[in-house]
Amino acid sequence: LVADMAGWVHAFSIEGRPLWERQLEGAISAAPAVDPAQDRVFAGTHLGWVYAISTSDGAVVWRQRVPTKSDARIVSDLLVAPGTSDVVLSGWGGLFHAMDAGTGQTRRTWDAGLYPQAGASADSRGNVYSMRAVRGEGVVCARLGDDGRETVLHRQPEGKRGASRMPVVASPVVDEDRGVVFFCVNGDRETTLLAWSLRDERVAWSQQMPRFTVATPALRSDGAILVAGMDGAVRAFTAGGALLFSYVTGADYLLAGPVCDAAGRVFVGDPLGRLHAVGRGGGGRVFFEAPRSIQGRLAFDRQGHLHVACTDRTVRVFRNRLRA
């Protein structure tokens, strides 16, 4: 399934054969969310529409417009929250919305702050984790329970330039097995990666990086967390907070987040159109170069094939050789 800035959602077979396509009202830059159990894909547009579409034939099941008094754009990645029947997103109007996946009706809303661009994350118990920048407070990471009550996990004070200069773009990452929530806080120029212990209800550790982070980090199977920074480097930290490696891509910045395979290899695309493969120890190489930039997060399918969307209007699929 592929969504694009022209407002189209396309479906292809695993062999690349077109199955169906549907044009929506407004451009799509937020990553859609798929619910395989309900045979649906959910997408949000720049005109504020949220769609539920059948993955079998592309039929629109429902659509709802997110109410706003300002900018209608939906730019946060969508989330189908496990343990609930909610689709979660944030609109540029400054609110998170939890919508009924069956009908599209809004169940509840909460503050998304000054930069309603970061998506939410969730655990298997239905808790939703989100971040927001607030004037006078800084950046807040909060947990919303399935009863609708919010708990503030952490407040990072404002930097010298205030909360309006602390863009919140990357989503939190939940490591439920180890009881940790990772989140990136952008300061005046730098990023602080924080690991919040759900068991101890405190920050377990933090690490500072020299430039902003806009891409959502990736979690490796051994608990390592990987962060793609706006200085063009991918850094890996152990579950305990020690720096494992820093891989320099050679690009000036990274917009696309990394992804990890089952073997612990890391893959990331850069604005120069290059695809990098990085081993568990940090040694890496460029294994493909596209004619245009790679700005979106890569994705694996269930067979382990790697899908890469490029700004030359193509999606390239790299075969999982281990499976083959």
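Residues numbered from 1 in each chain as written. Predicted model: local features only at pLDDT ≥ 70, side-chain atom pairs only at ≥ 80, totals over all residues. Heavy atoms only, no water.

## Digging into a positive patch on the surface
Line of reasoning, step 1. A cluster of basic residues, R161, R165, R189 and R211, forms a positive patch on the protein surface.
Line of reasoning, step 2. Mapped onto the secondary structure, R165 falls in the loop between β15 (150–156) and β16 (173–175).
Line of reasoning, step 3. The class for R165 is partly exposed, based on a relative accessible area of 48%. (Patch = residues over 30% accessible without salt bridge, like charges linked within 9 Å, V, L, I, M, F, W, Y side chains within 5 Å. Areas by Shrake-Rupley, 256 points an atom, 1.4 Å probe, with all protein chains shown as cover. Salt bridge = Lys/Arg side-chain N within 4 Å of Asp/Glu carboxyl O. Lys, Arg positive; Asp, Glu negative; His and termini not counted. Charge placed at Lys NZ, Arg CZ, Asp CG, Glu CD. Helix = DSSP H or I, 4+ residues; strand = E, 2+ residues; numbered from the N terminus. Buried < 20%, exposed > 50% of the residue type's maximum accessible area, 1.4 Å probe, protein only.)

## Observations regarding the nonpolar core
Line of reasoning, step 1. M131, V139, V181, F183 and V185 are the most contacted members of the largest nonpolar core, which has 16 residues in total.
Line of reasoning, step 2. Those elements that provide at least two residues to this core are β13 (128–134), β14 (138–144), β17 (180–186) and β18 (191–197).
Line of reasoning, step 3. Once residues lying within four places of it in the same chain are set aside, the contact partners of V181 are Y129, P172, V173, V174, L194, A195, W196 and L198. (Core = buried A, V, L, I, M, F, W, Y, C linked by side-chain atoms within 4.5 Å. Contact = heavy atoms within 4.5 Å.)

## Remarks on the pairing of strand β9 (residues 86–91)
Line of reasoning, step 1. Burial runs high along β9: 6 of the 6 residues are buried.
Line of reasoning, step 2. Residues of β9 alternate between two faces, with D86, V88 and S90 on one and V87, L89 and G91 on the opposite face, all of them buried.
Line of reasoning, step 3. The pairing of strand β8 (residues 79–80) with β9 spans 2 bridges and is classified as antiparallel. In the strand pairing of β9, L79 is matched with V88.
Line of reasoning, step 4. Once β8 ends, the chain turns through 5 residues before running back antiparallel as β9, passing G83 with a positive phi of about 80°. (Pairing = 2+ DSSP bridges.)

## A look at the sheet that holds strand β3 (residues 18–23)
Line of reasoning, step 1. Read from one edge of the open sheet, 3 strands run β1-β2-β3, paired in antiparallel fashion. Lying at the two open borders of the sheet, with one neighbouring strand each, are β1 (2–3) and β3.
Line of reasoning, step 2. Here β1 runs beside strand β2 (residues 8–12); their pairing, made up of 2 bridges, is antiparallel. In the sheet register, A3 faces β2, and the bridge partner there is V9.

## Here's the deal with the sheet that holds strand β26 (residues 274–278)
Line of reasoning, step 1. An order of β24-β25-β26-β27 is seen for the 4 strands of this open sheet, with the pairing classed as antiparallel. Both edges of this open sheet fall to β24 (259–260) and β27 (284–289), since each of them pairs with a single strand only.
Line of reasoning, step 2. Examined bridge by bridge, strand β25 (residues 266–269) and β26 share 4 bridges and lie antiparallel to one another. Residue pairing across strands places F267 opposite A277, the latter belonging to β26.

## Notes on unusual backbone geometry
Line of reasoning, step 1. The phi dihedral of D39 falls on the positive side, at around 60°, and the residue is not glycine.
Line of reasoning, step 2. With respect to the secondary-structure elements, D39 resides in the loop between β4 (33–35) and β5 (40–44).
Line of reasoning, step 3. D39 sits in the partly exposed class, given a relative accessible area of 31%.
Line of reasoning, step 4. With phi around 55°, E201 is a residue other than glycine that occupies positive phi space.
Line of reasoning, step 5. Looking at where E201 falls in the secondary structure, it is placed in the loop between β18 and β19 (202–209).

## So, the state of the cysteines
Line of reasoning, step 1. Throughout the structure, instances matching the rule amount to 0 disulfides.
Line of reasoning, step 2. Here C260 is not cross-linked by a disulfide; its sulfur's nearest cysteine counterpart is in C184, at 14 Å.
Line of reasoning, step 3. We classify C260 as buried; its relative accessible area is 18%. (Disulfide = S-S within 2.5 Å.)

## Some remarks on the environment of D77
Line of reasoning, step 1. Relative to the helices and strands, D77 is located in the loop between β7 (60–65) and β8.
Line of reasoning, step 2. Accessibility expressed as a relative area gives 36% for D77, which makes it partly exposed.
Line of reasoning, step 3. In sequence terms D77 and A256 are 179 residues apart; their C-alpha atoms lie 13 Å from each other.
Line of reasoning, step 4. For D77, the contacting residues outside a window of four places in its chain are A30, A31, V88 and G119.
Line of reasoning, step 5. Within the local environment of D77, its side chain forms a polar contact with the backbone nitrogen of A31, the two atoms lying 3.0 Å apart. (Polar contact = N/O pair within 3.5 Å; in protein donor to acceptor, adjacent residues only side chain to side chain.)

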